Amino acid sequence: MPTSRIEEFDQELLTSLQRREPLLWLNDRLKNGTPGMVAGLDPAVAQARFDKYAPVLARLFPELESTQGRLISELVPVARLQREMSAGGLNDAAASTSGGIWLLKRDDALPVAGSIKARGGFHEVLSLAQRLVEQSGLPGADDALAMAGPEARALLGRHTLSVGSTGNLGLSIGLIGRGLGFQVVVHMSADAKEWKKERLRKKGIKVVEHTGDYGAAVEAGRQEAARSSTIHFVDDEKSEHLFLGYSAAAAELAGQLSALGRKVDAEHPLFVYLPCGVGGAPGGIAYGLKLLFGEHVHCFFVEPTASPCMLVQLACGDLRPLSIYDVGLNNVTEADGLAVGQASLLVAPIMADILSGVFTVTDDALMLDTYKLAQAEGMLVEPSAASALRGPLWLGDSAQGKRYLARHGLEPLMADAVHVIWSTGGSLVPREEHERFQARGAELAA
Ligand SMILES: *Cc1c(COP(=O)(O)O)cnc(C)c1O
């Protein structure tokens, strides 16, 4: 990192990051009140597209029949996990003082893609398919159901979706893209899991492997697509369609909270904890939630201690790219969905005003919490998806968390607080992988 930028960085924070100490970083630039809509980024556009094409999705994807083509994940109380994690507190030192109720948002079980990438992926692929079909001049092309017909499928089959991925985005774009009839190529980093590559290949998806990290795989895909008019690159670092697709989760959550009789207002704060990789999925959701609930929702991201890319980008105080490599970290983590070195520069500037903070988590803590979730609630998720479970403890029990609550006058309200912990992936993970995670977690718990 250029010397001037090291000096701008808070030295104490820098040292803690470099030592990979788990920490909660507060965003001092958080603005109060409801943010304005960013030009061109209206979550209602994504919602309308999901509505319009629900009948097509119900027809093409058997998993979506029971919800009439809607992508929905459950919001469930996790009382037993809350009790057990609260008993040990943040560092197994003293019982937690954080109050309220913990709810788990089960995007790990989203249909078709098995991860949080489903909403973004469906919206991205649908947007492209819509444009191609509408421009095609096929008879009846303006009717949504035309997209499920043989002519449209033949048309889409002449186009290729290309995506760079550590795994889950590739699975999402791949399975959705093939479902709609596209050809799909997934560029993967060397560290992507073997089972994901196999599953993609079995579905007729081409996998190209790259040495180097996630950023390198993305760049390779981007360059190939730039040379062709029938290859469409899904850009995880820049795509507004992905971002908007993710943002649609906010209205879904609002409806579920209201169905549970949970208010979100000046007396009832909502805390949301979101695992962050490049930032698109948690960013889209946080953006959607802030538009709906303004200062009554408090969004925190969680990142691995080896890859805190959004934290580093926001903490450096300006929006020129700064990666975790620049501060001396190496991006080596079991949390493959979160192993990203550079945050999205589409998302980071939007988060600068609306994100409350970022906490970090070690790989051991991830594995332990993956195990605790299975023990307490019988839910098997991938380690990335368990990364947010300590969020309420960071808020209630750490010095920084208490500072945040005091600063916003929240302490007297915490008994009525709702903590939504976003669980982001796992239902497509093979049994042997789950067994490996659980064995490691059990070892750490012993
Ligand atoms: C992709 C992913 C995330 C984070 O999404 P980004 O858009 O990369 O920030 C979180 N959890 C899982 C399991 C993921 O696959």
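Quick caveat: nothing in here was measured; it's all calculated off a predicted structure.

Reading guide: rules and limits
All residue numbers refer to position in the chain's written sequence, counted from 1. In keeping with the model being predicted, local features are shown solely for residues with a pLDDT of at least 70 and side-chain atom pairs are shown and tallied solely at 80 or more, while totals for entire chains, interfaces and linings include all residues. Side-chain numbers here rest on the full set of heavy atoms in the structure, without hydrogens or water. Nearness is judged by heavy atoms alone; a residue qualifies as near a molecule or strand once a single heavy atom is within 4 Å of it. What qualifies as a polar contact is a pair of N or O atoms within 3.5 Å, subject to a donor-acceptor requirement within protein and to the restriction that residues adjacent in sequence count only when both atoms come from side chains. Comment: elements are numbered from the N terminus, with helices defined as DSSP H or I runs of at least four residues and strands as E runs of at least two. Each residue receives one of three labels: charged for Asp, Glu, Lys and Arg, nonpolar for Ala, Val, Leu, Ile, Met, Phe, Trp, Tyr, Cys and Pro, and polar for the others, Gly being one of them. In this scheme, a residue with accessible area under 20% of its type's maximum is buried, one over 50% is exposed, and one in between is partly exposed, where area comes from a 1.4 Å probe on protein chains only. Two strands make a pair as long as DSSP finds a minimum of two bridges between them. Think of each axis as a best-fit line through the C-alpha atoms, taken over the contacting stretch in the case of a helix, with angles from 0 to 180 degrees between the N-to-C directions. Contacts: residue pairs with any heavy atoms within 4.5 Å of one another. Nonpolar cores were defined as sets of buried Ala, Val, Leu, Ile, Met, Phe, Trp, Tyr and Cys residues, with membership established by side-chain atoms within 4.5 Å.

A. A look at the site of the ligand. In the vicinity of the ligand, 16 residues are found, and the nearest of them are K117, N168, G277, G279 and T424. One of the side-chain nitrogen or oxygen atoms of N168 is found 2.7 Å away from an oxygen atom of the ligand. Counting residues per element, the shell around the ligand draws most heavily on helix α12 (residues 280–293), which supplies three residues. When the residues that make up the shell around the ligand are grouped by side-chain class, the tally is six nonpolar, eight polar and two charged.

B. Spatial organisation of unusual backbone geometry. Despite not being glycine, Q68 has its phi angle at roughly 55°, a positive value. With respect to the secondary-structure elements, Q68 resides in the loop between α3 (43–60) and β2 (75–77). In this structure, N331 is a non-glycine residue whose phi angle is positive, near 70°. What makes N331 buried here is its relative accessible area of 7%.

C. How the structure looks around the sheet that holds strand β5 (residues 183–189). Read across the sheet, four strands follow the order β6-β5-β4-β7 without closing on themselves; strand pairing throughout is parallel. Two strands close off the open sheet at either side, each with one partner strand: β6 (206–210) and β7 (231–234). The sheet shows a mean angle of 20° between the axes of neighbouring strands, taken without regard to direction. Inspection of the sheet shows strand β4 (residues 160–165) paired to β5 by six bridges, in the parallel sense. Counterpart to S165 in the pairing with β5 is M188. Against the sheet, helix α7 (residues 168–180) contacts β4, β5 and β7, and its axis sits at roughly 165° relative to β4.

D. Quick peek at the nonpolar core. In this structure, L180, F182, M351 and V420 are the most contacted members of the largest nonpolar core, which totals 108 residues. Residue contributions to this core peak at eight residues, all from helix α5 (residues 117–136). In this view, M351 contacts N27, G283, A286, F301, M310 and L314; residues no more than four positions away in its chain are not counted. Counting residues in each nonpolar core, the second largest holds 38 residues, with A335, L338, L366 and M414 among its members.

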